[in-house]
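Summary of the model geometry
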Amino acid sequence: MLLYPSEKMHHLSSSSWMLRRLCCHATPSFSPSTAVYSTCAATRTPTSSKKKKLVFMGSPPVSASVLETLLDASSAADSLFEVAAIVTQPPSGRDRGRKVMPSPVAQHALDRGFLEDLIFTPVKANEEAFLSNFRALEPELCITAAYGNILPTKFLKIPLLGTVNIHPSLLPLYRGAAPVQRALQDGVKETGVSLAFTVRALDAGPVIAYEKMKIDDHIKAPELLDLLFAQGSKLLLQELPSIFNGSAKTNAQEQDDSKATLAPKITQEESWLCFDQEALTLHNKVRAFAGWPGTRAKIVVIDEKNDKRSELDLKIITSRVYNDDQVSKDDDVAFKKGSMIIPCGGGTALEVLEVQLPGKKVVNAASFWNGLRGQKVKKLKL
């Protein structure tokens, strides 16, 4: 599953296992002085004796889109289930101001009028008091979508029908925290989304269903994530009846571990582009790392009139492989038809369409080049 990092709120009580109430009265503020706790979560469940109790677990924006689908479906008169509770990452400091904010899933739930006392935000899912409150809900099924925490065996034993994960890859390919990013980095032409029962081993549970998706050479990770989780939401709704009646458990296919590949978490250190590599490799990395952490390159701007050189860290936002045969064999960066052409390994070149300087807005290559006012640009080797 996709990881969603959480940050400890040092100003809150150390009793982090308890249900964190995410707002006070009608208007949530999420300031340190107003964050409070409640232990009554297990007693305030939606009232329905016929519908199955489903608990949703997710954190980032793509998870919020899955929650939206489930809440809409659960509100139908003939729905088989209700969303009995939500489990998400704790509030954390985000954006430049580091203001303490709920996770996107928690915020979406609050915006939809979901009971605040039924939004669980444990730091870890193995905390005994959280498990006790969760067990008291008597959930029949859990659905995870980029929750961002490892689920212990004690948790997995609680839902009667198990826990089902929406995983944005064709399992057993790309098990791990960054399946979409690693698939794009590898330059795959086809990917997909899988529904699989969660087991203790990483993304290794039996697969209920999957959908394949062809992808082009230009789609970036954030867009592909949205598409795959949207498809995964539809697939989940199709399969929920079989999950509830038990046939999905019987018919689910065990994964072939011999064909498994891993998709480890992306790190900030990986964001640098090395122009000794071929352009296709670099272009795929630009697509894969779009959003976070992005891809960066070091260039040198040379003012020949004043004999000055300045080194810049440049974020590469959008690129493609340059297809012209005439590629510079030295380190000079050229500008042709609105694009920056950076020579790469193997006699190839990367065509850069959009860039961003530190602290600045994203601009197209033409605007960046015009701002140089005739100064030369060379690439720097890492």
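For the structure itself, look to the data block above.
This one's a predicted model, so the numbers in the text were calculated from it and none came from an experiment.

**A word on the overall build of the protein**
Secondary structure assignment for the protein yields nine helices and 18 strands. When the 382 residues of the protein are sorted by exposure, 50% land in the buried category. Of the roughly 18400 Å² of accessible surface on the protein, a fraction of 51% belongs to carbon and sulfur atoms.

**Regarding the side chain of His 283**
Looking at the element boundaries, His 283 is found in helix H8 (residues 279–288). Side chain to side chain, His 283 and Ser 319 meet in a polar contact 2.9 Å long. Residues within four places of His 283 in sequence aside, it is in contact with Asp 217, His 218, Ser 319, Arg 320, Val 321 and Leu 350.

**Quick word on the packing of aromatic side chains**
Pairs of aromatic rings are described using the distance from one ring centre to the other and the angle between the two planes. Per the counting criterion, the structure on display carries six aromatic pairs. Centre to centre, the rings of Phe 120 and Phe 130 are 5.6 Å apart; their planes meet at 70°, and the pair counts as edge-to-face. Residue Phe 120 is located in strand E7 (residues 119–120), and its partner Phe 130 is located in helix H3 (residues 128–136); the two are separated by 10 residues in the primary sequence. Pairing Phe 130 with Phe 134 gives two aromatic rings, centres 5.8 Å apart and planes at 25°, and the pair type is stacked. Here the residue Phe 130 and the residue Phe 134 both occupy positions in helix H3, the gap between them amounting to four residues, near one helical turn. Phe 130 sits in the buried class, given a relative accessible area of 0%. Joined through ring pairs, the aromatic side chains of Phe 120, Phe 130, Phe 134 and Phe 155 make up one cluster. The lysine or arginine in question, Lys 249, covers the ring of Phe 197, its NZ or CZ lying 4.1 Å from the ring centre.

**What about helix H2 (residues 104–111)?**
Taken together, the buried positions of H2 are occupied by Pro 104, Val 105, Ala 106, Ala 109 and Leu 110. Looking one or two residues past H2, Gly 113 carries a phi angle of roughly 85°, positive in sign.

**Side note on the packing of helix H1 (residues 61–74) against helix H6 (residues 221–245)**
At a closest axis distance of 9 Å, the pairing of H1 and H6 adopts a crossing angle of 30°. Here H1 lies roughly parallel to H6, going by the angle between them. H6 is crossed by H1, and the crossing has right-handed handedness. Residue-level contacts link Val 62, Val 66, Thr 69, Leu 70 and Ala 73 of H1 to Leu 225, Asp 226, Phe 229, Ser 233, Leu 236, Leu 237 and Leu 240 of H6.

**Quick word on the pairing of strand E4 (residues 81–87)**
Within E4, seven of the seven residues are buried, leaving the element largely enclosed by the surrounding structure. As defined by bridge partners, strand E3 (residues 52–58) adjoins E4 across six bridges and the pair is classed as parallel. Bridge pairing in E4 links Phe 56 to Ile 86. Read as a crossover between parallel neighbours, the route from E3 over H1 to E4 is right-handed. When E4 meets E7, the two strands line up parallel, connected through two bridges. Paired with Val 87 across the two strands is Phe 120, which belongs to E7.

**Overview of the pattern of salt bridges**
Following the criterion strictly, the structure yields 14 salt bridges and no others. Linking Glu 190 and Lys 214 is a salt bridge whose minimum nitrogen-to-oxygen distance equals 3.3 Å. Residue Glu 190 is located in strand E10 (residues 190–197), and its partner Lys 214 is located in strand E11 (residues 207–214); the two are separated by 24 residues in the primary sequence. Overall, the relative accessible area of 30% leaves Glu 190 in the partly exposed class. Look at Lys 214 and you get exposed, because its relative accessible area is 67%. In this structure, Asp 313 and Lys 298 form a salt bridge, with 3.0 Å as the shortest nitrogen-oxygen distance. Note that Asp 313 is positioned in strand E13 (residues 308–321) and Lys 298 in strand E12 (residues 295–303), a separation of 15 residues in sequence. Via salt bridges that share partners, Glu 68, Asp 72 and Arg 112 belong to a single interconnected network.

Calculation rules
- Numbers given to residues run from 1 along each chain, matching the order in which its sequence is written.
- Only residues with pLDDT of at least 70 get local features here, since the model is predicted, and only at 80 or more are side-chain atom pairs given and counted; chain-wide, interface and lining totals rely on the full set of residues.
- The side-chain values count all of the structure's non-hydrogen atoms but skip hydrogen atoms and water molecules.
- Put simply, DSSP H or I for four residues or longer makes a helix, DSSP E for two residues or longer makes a strand, and each gets a number counted from the N terminus.
- Throughout, exposure labels follow a simple rule: accessible area from a 1.4 Å probe, protein chains only, divided by the maximum for the residue type, with under 20% read as buried, over 50% as exposed, and the rest as partly exposed.
- For the accessible areas, the method is Shrake-Rupley and the probe is 1.4 Å, while residue cover comes only from the protein chains on display.
- Identification of polar contacts relies on pairs of N or O atoms within 3.5 Å, with a donor-acceptor requirement for protein atoms, meaning one able to donate a hydrogen and the other able to accept it, and with residues adjacent in sequence counted only if both atoms are side-chain atoms.
- Whether two residues are in contact is decided by their heavy atoms, any of which lying within 4.5 Å being enough.
- For Phe, Tyr and Trp, rings pair up if their centres lie within 6.5 Å, where Trp contributes its six-membered ring, and each pair is then called stacked (planes under 30 degrees apart), edge-to-face (over 60) or tilted (otherwise).
- For a ring to carry a charge above it, either NZ of a lysine or CZ of an arginine must fall within 6 Å of the ring centroid while also lying within 35 degrees of the normal to the ring plane.
- Note on geometry: axes are C-alpha line fits, over the in-contact stretch for helices, and angles between N-to-C directions span 0 to 180 degrees.
- Geometric relationships in this document are graded by angle, where less than 35 degrees denotes roughly parallel, more than 145 denotes roughly antiparallel, 65 to 115 denotes roughly perpendicular, and other angles denote oblique.
- Helix crossings fall into two classes, left-handed where the near helix is turned counterclockwise from the far one by less than a right angle and right-handed where it is turned clockwise.
- By this definition, two strands are paired if DSSP reports at least two bridges between them.
- A right-handed crossover is one whose linking path, passing over the helix from the first strand to the second, runs clockwise when the strands point away from the viewer.
- In what follows, salt bridge is the name for a side-chain nitrogen of Lys or Arg lying within 4 Å of a carboxyl oxygen of Asp or Glu.

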